[in-house]
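# Report on the structure
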Amino acid sequence: MAVISLAVIAVAITMHVVLKKIESYQKNKAFASASKLPGPKGLPLIGNVHELPEKCSWMKFAEWADEHGPIYQVNLAGENHVWISRDKIAHDLLSKRSAIYSDRPYIPALEHDNRTSGQYLPLMSKNLVWSRQRRFAKQIMDASEKQNFYSYPEIESTRLLFEMMSDPSQYNVAMESFVARVTCRLAWGTPVASDELKQRARELLIGVSPTGALGNKIPAVMSLPENMSKSKAWELRRGRTEKKFFEVMQDQVRQTMEREEGVSTPLLPTVQPSWTRMYLEHAKSWGFSSDTEGAYAVGMHGIAGALTVAAPMQSFCLAMCHYPQYQSILHEEIDRVLGDRMPTFEDMPDMPVLRAFIRETLRWRPPVPTGIPHALIQDDVYEGYHIPKGSVIHPLEWSISRDPEVFPEPDEWNPTRWLHSDYPTYQEPLTRYPTITQYSQFGYGRRTCQGMGVTEADLFVGLGSIAWLFSMEATDETGVKAEESQPEPQPQAAEVESDATVDDTFSEIDSIAAPSTPMSRRSTFSSHETPADLISFDNEAAGDWSPSIEPKRLSMHLNDSAISLFSADYPASESTHSHSRQSTLQTQLSMHDNDSAISVASFASDGESSFEMSRKQRPQRPRLVPKDSGISMSSFIAQRESRPPSSRKSTLKPRPTSLRINNSQSVSSLISEMHTASTSRQNSVYTPGSALSLLSEMADEQGGIPRRHSMHFPEPEPESPKDDSNIRVAGEWPGLSTDPEKEYVDLFGPLIDEPEPALPPVDGPTLTPNLPGAWNFAKVDAVKEAPRPKKQAPLYETDPTMNFSTLLIAKPMPFKFKLSIRNQARAEMVAKQWIDKRLEGEYQDSKVYWKNGVQGDSEHGWGETFS
Ligand code: HEM
């Protein structure tokens with residue numbers, strides 16, 4: 001009996017081996033008979049690396065796609081890279097064959113092997129660590145999306161608008177801060193780490209970009225000792241700083257949770273909802289090797305979210321300036337649906353036009369134009385072409401989103417392609433479509449982006465808010481080509497109380513959107529000029545604030561680290577102007593903690609009022625004694641007046657002091673007192689400047705209260721045995737166990753084998769709606785044989801909308817344009833909300849996390865970056 005069993009087993013094994021051999025023989029035969037993918041001829045060893053431009057490299061890959069077909073290969077420094085420029089092919093390979101196409105290529109400039117180290121989910125190979133982190137990511141994303149991302153985008157959108165009003169020239173910084181603050185809140189429940197997060201994102205982006213760190217161009221520099229290789233030293237410090245930052249952030253959430261134990265008191269901050277809190281509440285159940293892995297799993301999502309989403313926000317500004325004819329339909333929708341309130345995530349179904357603007361912006365200027373590469377783990381044959389094992393596979397988003405059969409006139413920014421039924425991309429119901437989810441820019445198969453929901457929320461609320469308050473317009477300095485720059489004047493902006501209907505919007509779309517009649521960019525234009533049409537600013541202004549200037553906005557910005565803020569509301573019964581009207585002057589004073597920084601910004605509600613307010617015009621206000629501020633303005637002024645003038649000198653000297661404001665009640669009292677007190681002095685005209693001096697002196701008088709948070713990391717403590725106990729293999733961090741897969745499956749069930757995104761029903765939503773049939777490979781030949789257009793200068797040299805950063809995430813370089821406030825009441829509402837929230841402590845400044853400021857020391861701190 002035993003002999004028979006042995007014989008059966010032996011036969012089974014033999015059969016298995018034979019079948020495997022036959023399979024591999026057939027495969028080899030298939031590979032042998034398969035054609036080589038087409039592609040450009042290159043030099044020995046380096047291949048075609050030398051042909052890649054530093055700027056807009058994706059356009060070179062797109063150019064090769066035009067020459068060699070929708071899938072081609074190119075040798076880049078000895079590595080085989082396959083570029084795919086059609087959605088259908090990317091789907092066939094990266095989604096349908098995801099079992100073999102879901103790895104990631106090795107990135108030489110990083111300290112640890114990105115494929116196995118467990119640090120960066122988007123860069124890991126398809127292994128156990130990736131699987132458990134992806135599972136975690138899905139849960140935190142789903143849970144936060146169900147709660148509309150805790151309204152963090154809405155909270156931060158007020159600050160975004162306020163910052164854009166305060167300093168339009170820094171619009172890009174405001175947008176990046178908005179995205180970083182929302183992501184920071186999501187990751188750790190607080191916005192205070194947003195500057196650090198931005199820097200972490202910038203540095204990692206350099207580390208992973210082929211055009212970034214030197215180690216990615218010359219990997220040998222990473223093998224040299226630290227003291228002989230600047231690049232290696234940079235990377236090691238980056239890695240240490242990142243780890244420390246993630247751990248500290250996690251620790252802060254943990255400590256707050258422990259302190260609070262579920263009880264929120266006025267003295268202790270509530271533990272805000274965050275991904276870290278979710279992690280810590282169920283720390284054991286995620287199956288991570290240590291809390292450090294948890295810190296990275298959250299931190300990586302912070303980084304992934306911090307810079308990506310800001311790029312399309314900036315591209316949106318480009319589109320508004322270069323295609324002004326469409327702005328009116330967006331403003332119409334916004335005014336009709338929202339009126340006097342800012343958008344929320346819940347408005348999405350009602351605002352297809354805003355969604356179309358966002359969707360079209362992502363298509364027109366994809367933030368990751370080269371796509372994120374996958375790696376192929378075994379030889380494959382596709383449509384008769386051999387794709388060698390180890391190839392790096394790029395879904396070239398720049399070309400995929402320019403397929404002329406799906407996107408007629410692909411280089412034109414045209415949001416109506418999503419709103420007008422004549423276009424192949426039109427899809428109903430408009431309460432859901434257009435949407436940015438399930439779209440090629442977010443990748444394919446098992447590696448699709450985890451952050452589509454957050455991106456949608458950020459862009460919808462962020463850009464919706466911007467369009468609610470502002471209109472944008474090219475100026476001479478925007479770089480618009482001559483023939484584009486003369487917009488025809490249009491009727492005034494729709495009033496907020498507009499009784500236009502959805503049908504009106506769509507008839508407007510109909511009138512401008514027929515695809516057969518491509519529009520002239522000049523055919524319509526909406527300027528939306530209001531009396532206070534422009535927040536003009538003057539960076540050159542220096543010295544004392546002059547009350548007689550007639551500004552709508554005046555600022556002296558020498559740096560942007562405002563640390564305290566006061567507000568004042570003055571209902572003026574009369575005005576120096578002939579048309580007297582009720583006006584509100586809101587004044588913001590910002591004191592900075594070094595002497596080169598004074599920022600004074602003011603807003604006049606009617607846009608025409610002068611800031612000059614004579615004594616007689618100033619309202620007599622009752623003097624209020626601030627209760628909680630601990631500061632009595634009147635007694636301070638009395639004391640001050642009694643001192644010799646020499647000792648009264650205002651001291652705006654470098655010092656880490658300022659006033660702390662405990663609640664808004666005491667602030668308005670303080671401001672009111674300050675106003676009354678300063679007006680009671682002879683020859684005094686109230687100016688923010690004099691108030692600033694007074695406040696500065698008061699701060700000195702009280703010894704000052706350190707305001708700018710500076711946090712130093714304690715010396716690293718030896719890691720507790722508890723932390724280390726789960727790390728399974730030394731060397732790789734966090735590491736795999738000896739039989740990781742089995743161990744993991746035993747503990748947590750099978751590895752994620754995510755179902756492919758369901759294939760669309762025939763008449764239902766499709767990934768690329770109305771895609772005309774499958775890709776016909778005969779077309780490859782046709783493409784190859786078609787006469788080549790004459791070589792022209794590359795678009796990025798001639799087109800002003802192509803001035804992009806060179807890293808993996810392409811964002812437009814800052815440019816000049818005119819930002820106009822569409823509605824003054826809205827601007828005032830924003831300013832007021834910002835002040836209220838700031839005083840409530842909602843809008844905290846960013847913290848500095850390192851000794852000696854951001855530059856840190858040899859261990860930690862900000863490294864050198866470029867964009
Ligand atoms: C405009 C915004 C964004 C774009 C264009 C974008 C694009 C991408 C792309 C192309 C991939 C690779 C997909 C593939 O390999 O097939 C990816 C992966 C990923 N994204 Fe995003 N992303 C964006 C925002 C975000 C945000 C806000 C988050 C998180 C908060 C995020 C988290 C991730 C993660 C975790 C992965 C890795 C998935 C994996 O490898 O398994 N992304 N993203």
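The name given to the protein in an unreviewed UniProt entry is Cytochrome P450, and the organism recorded there is Zasmidium cellare.

Attention now moves to the overall build of the protein. A tally of helices and strands in the protein yields 26 helices and 12 strands. In the protein, which comprises 867 residues, the proportion classed as buried is 44%. The contacts of the protein with a sequence gap of at least 6 include a subset with a gap of at least 24, amounting to 75%.

If a strand is regular, its side chains alternate between the two faces of the sheet. With six bridges connecting them, strand S2 (residues 71–76) and strand S3 (residues 79–84) associate as antiparallel partners. The residue of S3 that forms the bridge with Asn-75 is Asn-80.

Moving on: the site of the ligand. Near the ligand lie 26 residues; those nearest to it are Pro-122, Gly-305, Gly-443, Cys-449 and Gly-451. For the shell around the ligand, the elements supplying multiple residues, two or more each, are helix H5 (128–146), helix H12 (291–308) and helix H17 (452–469). Counting residues per element, the shell around the ligand draws most heavily on H12, at four residues. Among the residues forming the shell around the ligand, the class breakdown is 13 nonpolar, 11 polar and two charged.

Below, the discussion takes up unusual backbone geometry. Omega for the bond connecting Glu-428 with Pro-429 falls within 30 degrees of zero, at 0 degrees, which places this linkage in the cis form. Examined against the element boundaries, Pro-429 turns out to sit in the loop between helix H16 (397–400) and H17. Of note, the amide linkage connecting Tyr-433 to Pro-434 takes the cis form, showing an omega dihedral of -5 degrees. Mapping Pro-434 onto the fold places it in the loop between H16 and H17. Positive phi, close to 60 degrees, is recorded for Ser-151, a residue that is not glycine. Summarising the element assignment, Ser-151 is placed in the loop between H5 and helix H6 (152–166). The class for Ser-151 is partly exposed, based on 17 C-beta atoms found within 10 Å. The backbone of Asn-852 sits at a positive phi, close to 60 degrees, despite the residue not being glycine. With respect to the helices, strands and loops of the structure, Asn-852 is situated in the segment after helix H26 (824–839). For Asn-852, a count of 11 C-beta atoms within 10 Å corresponds to the exposed category.

A few words now on the packing of H6 against H17. Taken N-terminus to C-terminus, the directions of H6 and H17 make an angle of 35 degrees; their axes are 9 Å apart at the nearest point. Both H6 and H17 take part in a crossing whose hand is right-handed. Here H6 contributes Pro-153, Glu-154, Ser-157, Leu-160 and Leu-161 to the contact with H17, which in turn contributes Ala-457, Asp-458, Val-461, Gly-462, Ser-465 and Leu-469. Here the contact of H6 with H17 is built from residues that sort into six nonpolar, three polar and two charged.

As a further point, take the sheet that holds strand S6 (residues 385–387). Across the sheet, three strands lie side by side as S1-S6-S5; this open sheet has mixed pairing. Only two strands of the sheet have a single partner each, and these edge strands are strand S1 (35–36) and strand S5 (380–382). Both S1 and S6 contribute to a ladder of two bridges, which runs parallel. Residue pairing in the sheet places Ser-35 in a bridge with Tyr-385 of S6.

Moving on to the packing of H6 against H26. For the pair H6 and H26, interaxial distance at closest approach is 9 Å and the crossing angle is 115 degrees. The hand of the H6/H26 crossing is left-handed. Taken together, the residues of H26 that come into contact with H6 (itself represented by Thr-158, Arg-159, Leu-161, Phe-162 and Met-165) are Ala-827, Val-830, Ala-831, Gln-833, Trp-834 and Lys-837. Residue composition of the contact of H6 with H26, grouped by class: seven nonpolar, two polar and two charged.

Next up on the list: H5. Between its terminal C-alpha atoms H5 stretches 27 Å, which fits the 27 Å expected from 19 residues at 1.5 Å a residue. Of all the positions in H5, only Leu-128, Val-129, Trp-130, Ser-131, Arg-132, Gln-133, Arg-134, Phe-136, Ala-137, Ile-140 and Ser-144 are classed as buried. At the C-terminal side of H5, Asn-148 shows a positive phi close to 50 degrees.

Below, the discussion takes up the confidence of the model for the protein. When pLDDT is averaged across the protein, the result is 71; 61% of the residues are at 70 or more. Across residues 481–502 the pLDDT falls below 50, and counting only partners more than four positions away or on other chains, this stretch makes 37 contacts in the model. Residue range residues 514–638 is modelled with pLDDT below 50. Its contacts to residues more than four positions away, or to other chains, number 260 contacts.

So, about the nonpolar core. The biggest cluster of nonpolar side chains holds 146 residues, and the ones touching the most others in it are Trp-83, Ile-84 and Leu-396. Considering each element in turn, this core owes the most residues, 11 residues, to helix H7 (residues 171–188). Here Leu-396 is in contact with Trp-58, Phe-61, Ala-62, Ala-65, Trp-83, Ile-84, Ser-85, Thr-370 and Gly-371, once residues within four sequence places are set aside.

So, on to the sheet that holds S2. Strand order in the open sheet formed by four strands is S2-S3-S7-S4, and the pairing between neighbours is mixed. Only two strands of the sheet have a single partner each, and these edge strands are S2 and strand S4 (374–375). Docked against the sheet, helix H2 (residues 57–68) engages S2 and S3, running at close to 130 degrees with respect to S2. Helix H3 (residues 87–95) rests against S2, S3, S4 and strand S7 (392–395) of the sheet, and its axis sits at about 140 degrees to S7.

This next bit is on the pairing of S7. Summarising the sheet, S3 and S7 pair through four bridges and their orientation is parallel. Within S7, the residue paired with Trp-83 across the bridge is His-394. For S4 and S7, the ladder comprises two bridges, and the chain directions are antiparallel. Among the inter-strand pairings, His-374 is bridged to a residue of S7, identified as Ile-393.

Glancing now at the environment of Ala-283. Locating Ala-283 in the fold gives a position in the loop between helix H11 (275–281) and H12. Among the residues examined, Ala-283 registers 13 C-beta atoms within 10 Å and is labelled partly exposed. Residues within four places of Ala-283 in sequence aside, it is in contact with Asp-291 and Gly-294.

Here is what the cut-offs are and how they apply
Residues numbered from 1 in each chain as written. Predicted model: local features only at pLDDT ≥ 70, side-chain atom pairs only at ≥ 80, totals over all residues. Helix = DSSP H or I, 4+ residues; strand = E, 2+ residues; numbered from the N terminus. Buried ≥ 20, exposed ≤ 12 C-beta atoms within 10 Å, placed from the backbone. Contact = placed C-beta atoms within 7 Å. Pairing = 2+ DSSP bridges. Near = placed C-beta within 6 Å. Nonpolar A, V, L, I, M, F, W, Y, C, P; charged D, E, K, R; others polar. Axes fitted to C-alpha atoms, helices over the stretch in contact; angles between N-to-C directions. Left-handed = near helix turned anticlockwise from the far one by under 90°. Expected span 1.5 Å × (residues − 1). pLDDT = per-residue confidence, 0-100. Core = buried A, V, L, I, M, F, W, Y, C linked by C-beta atoms within 7 Å.

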